[in-house]
Amino acid sequence: MTTWLATQVWASMKCNSPVQSSLWSTDSPSVGGHTLPTLTMEIVHVYTKKRNEFGRQCNFSDRPAELHVDILPDPSLASNFIERDPCDIPIQCTQEMSEHEVNTERFESDTRGINHVEGGWPKDVNPQEMEQTIRFRKKVEKDEHYFSTIMQLGSNMEHCIKQNNAINIYQEYFEEEEVVEESEEQPSAKTINVFRDPNEIKRTATCLSWHPDGSCKLAVAYSSLGFQNISPDMSYDSYIWDIENPNKPEMTLKPVSLLVCLEYNPKDSHILVGGSYNGQIAYWDTRKGSQPVEMSTIEHSHRDPVYKVIWLQSKTGTDTFSASTDGQVLWWDIRKMSEPTERLVLDPNKKGNLDNALGAISLEFETTMPTKFMVGTEQGLVVSCNRKAKTPAEKIVCTYSGHHGPIYALQRNPFFPKNFLTVADWTARIWSEDIKESSIMWTKYHMAYLSDGCWSPVRPSVFFTVKMDGTLDVWDFLFKQNDPTLSLKVCDEALYSLRVQDNGRFLACGSQLGTATLLEISPGLCTLQRNEKALATAMFERETKREKILEARHREMRLKERSRSEQSKDEDTKEGDGEESVEELATRTEAEFYEIVEAELKKRAKEQEKKVRRD
Amino acid sequence: MAEVEETLKRIQTHKGVIGTIVVNAEGIPIRTTLDNSTTVQYTGLLHQLTMKARSTVRDIDPQNDLAFLRIRSKKHEIMVAPDKEYLLIVIQNPSE
């Protein structure tokens, strides 16, 4: 029996209604089964349902999971990819915030001027109208209170007015007199900086020169003055130091031979002139580098080391003169260094004979007296010369003798140019130009040789000296004459050079091992004391007068001696040759000496006996 | 009345006195020997200054009060004698 099943053929999913209902005959009973039609259609799903089952709930049933697709990892695909390392992953973990803007009301400011006009008038009075104001004023004046107030205020005021008229309470008393505090402090000096020779083989710092403007730089000339003491490894350099920086020199000067002396040009602070060991003069311009701009030719230079070179006062500011132990003083113009412009031979016999000449060790030139200059010699004489003399013989004016050794320093007193200081052997002496036979003042003989000295530029009675035992002495002749006011041991080796800065406060000294020491002296030694000039003038005059008197006396005595010896000579010649040979003279003097000593001893022995007897 | 005149005249004729002004509490110049513009200037400024000075003195010590105010300048000295109601201002050139 065939059951007629209504099959509804649903074609595709979109179709909700059957496309076609066809009657099929089925041979085999199939309930709830579905058969795939063999019609040529899209995907079709036949869904059979009994008619009486229509409208019933769907009956869902469980069924186990079916694995549809399983895609296994394929490692070969990994080659298409590169691992990323590092991976930057930003993470933020913050509070949530919101932003708001607020604007306050702008504060506006404005500048205005107020014109002071008469104000304060009561309402009914119009300040413009004269009548009303006058009336108001008169009314006030009639007030009783006004009367008493004014009387009282008036008397107060009068008192003050009279006070003002009597004395000016703000008057500066003693305005003219500068209150100079007498410094009770001890004179002292302290080392500020030490500049050492950077080379291994140390040379002596033979000359120092301060920079002319401001004195912030110091030029030091290094050389070796010992006889044949120069080793081939010795560096020839001289340095310019900045006083703030002692570690490294600011500039190097490279001469051809060791520099013995070095000077800044006072007119042009970039130019320096130096005298060297082989007798040549060279000049440097610090803007142009370390090499000398020009050097003098060897044929025309000195034959011995140039010990001193000084700048002259001239319109061009390029003239210098130099002195050396070969006996010559040469004048140069640095623009033309091939030949000296002038030459002077220091022959005391005024014959210009070089063999007779005295070796010059120091020079002195004062810009206030441009025609005169002085030379200090190795033989201990100071030669005063006149530059403007017509003949060379007249150039040498006079000589001053009195020292036993070479004169290492020679300087006029900046306040009293007629007096000059010489430093030589074991003493320092002060001379007056007029007295040629001896110095007017001198220090005692020291234990060590004095090597350099100079006056203080601010105080007329103060000068400085340095010795071979490394001490610096500060002398204040108004304060103490026997000893230096201050004696300071600067270093263990000998000091060879000294230079005071223009303000008188700082000084630099150079030592044998090339160490330049910068010292500051206490204000008491570099401020002009009251009456100092007057006292110094009086002192110099006094000493000069004393020396003059002594000199006059000596002259008298010598004249007497001479006249007496002339008389006795006539007698002698009558008698015959009474010349004694030197030996006889020696024996005679010896005998005399012993006689005197014995007589003295005997006298002393007698005195001793007397004393003993008395006791 | 005449004495007031006499006092003021006497003050004016002292040595060095340049001018005299009497000011009341409101700042109105009652009596003056200087010209109007100068008077107005002096009055306005000095009145305020005196008030300030007085308040300063009293701030520091309430028992205290301003007795006299002297301003010495390079050219002259301004002296102000204050009172509760009036101010007496004198400008003097102190003797040199």
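Please refer to the structure placed before this passage.
Quick summary incoming for the structure in this document. (Residues numbered from 1 in each chain as written. Chains lettered and ligands numbered in written order. Predicted model: local features only at pLDDT ≥ 70, side-chain atom pairs only at ≥ 80, totals over all residues. Heavy atoms only, no water.)

## Some words on the overall build of chain B
Per the secondary structure count, chain B includes two helices and five strands. Its helices and strands taken in sequence order, chain B reads α-β-β-α-β-β-β from the N to the C terminus. Within chain B, the proportion of its 96 residues that are buried is 46%. For chain B, the proportion of contacts with a sequence separation of at least 24, taken over those separated by at least 6, is 36%. With an accessible surface of roughly 5,200 Å², chain B has 53% of that area assigned to carbon and sulfur atoms. (Helix = DSSP H or I, 4+ residues; strand = E, 2+ residues; numbered from the N terminus. Buried < 20%, exposed > 50% of the residue type's maximum accessible area, 1.4 Å probe, protein only. Contact = heavy atoms within 4.5 Å. Areas by Shrake-Rupley, 256 points an atom, 1.4 Å probe, with all protein chains shown as cover.)

## A few points about the pattern of salt bridges
Counting across every chain of the model gives 32 salt bridges over all chains. The closest approach of N and O atoms between Arg459(A) and Asp476(A), which form a salt bridge, is 3.2 Å. One end of the pair, Arg459(A), is in the loop between strand S25 (450-455) and strand S26 (462-467); the other, Asp476(A), is in strand S27 (residues 471-476), with 17 residues separating them in the sequence. The residue Glu5(B) makes a salt bridge to Arg31(B) at a minimum N-O spacing of 2.7 Å. Taken together, the residues Glu5(B) in helix H1 (residues 2-12) and Arg31(B) in strand S2 (residues 29-32) connect sequence positions 26 residues apart. (Salt bridge = Lys/Arg side-chain N within 4 Å of Asp/Glu carboxyl O.)

## Side note on the interface of chain B and chain A
At the junction of the two partners, chain B supplies 38 residues and chain A supplies 33 residues. Taking both partners together, chain B and chain A bury about 3,300 Å²; carbon and sulfur atoms supply 61% of that area. Taken together, chain B and chain A are joined by two salt bridges. Two residues, Arg31(B) and Glu141(A), come together in a salt bridge whose shortest N-O distance is 3.8 Å. Sorting the residues of the side of chain B that touches chain A by element identifies H1, strand S1 (17-24), S2, helix H2 (36-60), strand S3 (69-72), strand S4 (77-82) and strand S5 (86-92) of chain B as the ones contributing at least two each. Here the side of chain B that touches chain A is composed, by residue class, of 20 nonpolar, seven polar and eleven charged. (Buried area = accessible area lost by both parts, 1.4 Å probe. Nonpolar A, V, L, I, M, F, W, Y, C, P; charged D, E, K, R; others polar.)

## Considerations on the pairing of S26(A)
All names here are of chain A. Across the six residues that make up S26, a large majority, six, are buried. What you see with S26 is no split at all: Val462, Phe464 and Val466 on one side and Phe463, Thr465 and Lys467 on the other are buried throughout. Sheet topology places S25 next to S26; five bridges connect them, and they run antiparallel. Within S26, the residue paired with Asp452 across the bridge is Val466. If you look at the hairpin formed by S25 and S26, you'll find six residues sitting between the two strands. (Pairing = 2+ DSSP bridges.)

## Some points on the nonpolar core
Residues Ile240(A) and Leu262(A) are the most contacted members of the largest nonpolar core, which totals 24 residues. Elements represented by at least two residues in this core include exactly strand S6 (217-223), strand S8 (251-253), strand S9 (259-264), strand S10 (271-276), strand S11 (281-285), strand S13 (306-311) and strand S15 (328-333) of chain A. What Ile240(A) contacts, discounting residues up to four positions off in sequence, is Lys217(A), Leu218(A), Ala219(A), Pro249(A), Glu250(A), Met251(A), Leu253(A), Tyr264(A), Leu272(A) and Thr286(A). The next biggest cluster of nonpolar side chains, apart from the first, holds 22 residues, and it includes Met157(A), Met79(B), Ala81(B) and Tyr86(B). (Core = buried A, V, L, I, M, F, W, Y, C linked by side-chain atoms within 4.5 Å.)

## Considering a positive patch on the surface
A contiguous patch of positive charge on the surface is contributed by Lys602(A), Lys606(A), Lys610(A), Lys611(A) and Arg614(A). Mapped onto the elements of the fold, Lys610(A) is located in helix H6 (residues 582-614). (Patch = residues over 30% accessible without salt bridge, like charges linked within 9 Å, V, L, I, M, F, W, Y side chains within 5 Å. Lys, Arg positive; Asp, Glu negative; His and termini not counted. Charge placed at Lys NZ, Arg CZ, Asp CG, Glu CD.)

## A look at the environment of Gln501(A)
Residues and elements named next belong to chain A. Here Gln501 lies in the loop between strand S29 (495-500) and strand S30 (506-511). Taking relative accessible area as the criterion, Gln501 reaches 4% and is therefore assigned buried. The sequence separation of Gln501 and Ser209 amounts to 292 residues, and the corresponding C-alpha distance is 8.8 Å. With near-sequence residues (within four places) excluded, Gln501 lies in contact with Trp210, Gly214, Ser215, Pro457 and Phe506.

## Here's the deal with a nonpolar patch on the surface
A cluster of nonpolar residues, Phe593(A), Tyr594(A), Val597(A) and Leu601(A), forms a patch on the protein surface that exposes about 410 Å² of accessible area. Mapped onto the fold, Phe593(A) is located in helix H6.

## Comments concerning unusual backbone geometry
Residues and elements named next belong to chain A. Residue Pro86 follows Asp85 across a cis peptide bond; omega there is 5°. Examined against the element boundaries, Pro86 turns out to sit in the loop between strand S3 (44-48) and helix H1 (130-141). Phi at Asp425 takes a positive value of approximately 30°, unusual for a residue other than glycine. Tracing the backbone through its elements, the reader meets Asp425 in the loop between strand S22 (419-424) and strand S23 (427-432).

## Section: the sheet that holds strand S19 (residues 381-386) of chain A
Residue and element names in this part refer to chain A. With antiparallel pairing, the four strands of this open sheet are ordered in space as S17-S18-S19-S20. Either end of the sheet is taken by a strand with one partner, and the two such strands are strand S17 (360-365) and strand S20 (396-401). Within this sheet the neighbouring strands show an average axis-to-axis angle of 20°, counted without direction. Relative to S20, S19 is paired through five bridges, and the arrangement is antiparallel. Following the sheet pairing, Leu381 is matched in S20 by Ser401. (Axes fitted to C-alpha atoms, helices over the stretch in contact; angles between N-to-C directions.)

## Notes on the sheet that holds strand S28 (residues 486-489) of chain A
Residue and element names in this part refer to chain A. The four strands are arranged S25-S26-S27-S28 in an open sheet whose pairing can be described as antiparallel. At either end of the open sheet lies a strand with only one pairing partner, and these are S25 and S28. Strand-to-strand twist across the sheet, computed as the mean angle between neighbouring axes with direction ignored, equals 15°. In this sheet, S28 lies alongside S27 in antiparallel orientation, the contact comprising four bridges. Across the sheet, Leu472 pairs through a bridge with Leu488, a residue of S28.

## Let's talk about the packing of helix H2 (residues 144-166) of chain A against H1(B)
The geometry of H2(A) relative to H1(B) is characterised by a closest axis approach of 10 Å and an angle of 20° between their N-to-C directions. In terms of axis orientation, H2(A) runs roughly parallel to H1(B). When the axes of H2(A) and H1(B) are compared, the crossing they make is left-handed. Across the interface between the two elements, Tyr146(A), Phe147(A), Ile150(A), Met151(A), Gly154(A), Met157(A), Glu158(A) and Ile161(A) from H2(A) touch Glu3(B), Val4(B), Thr7(B), Leu8(B), Arg10(B) and Ile11(B) from H1(B). Considered class by class, the residues forming the contact of H2(A) with H1(B) number nine nonpolar, two polar and three charged. (Parallel < 35°, antiparallel > 145°, perpendicular 65-115°, else oblique. Left-handed = near helix turned anticlockwise from the far one by under 90°.)

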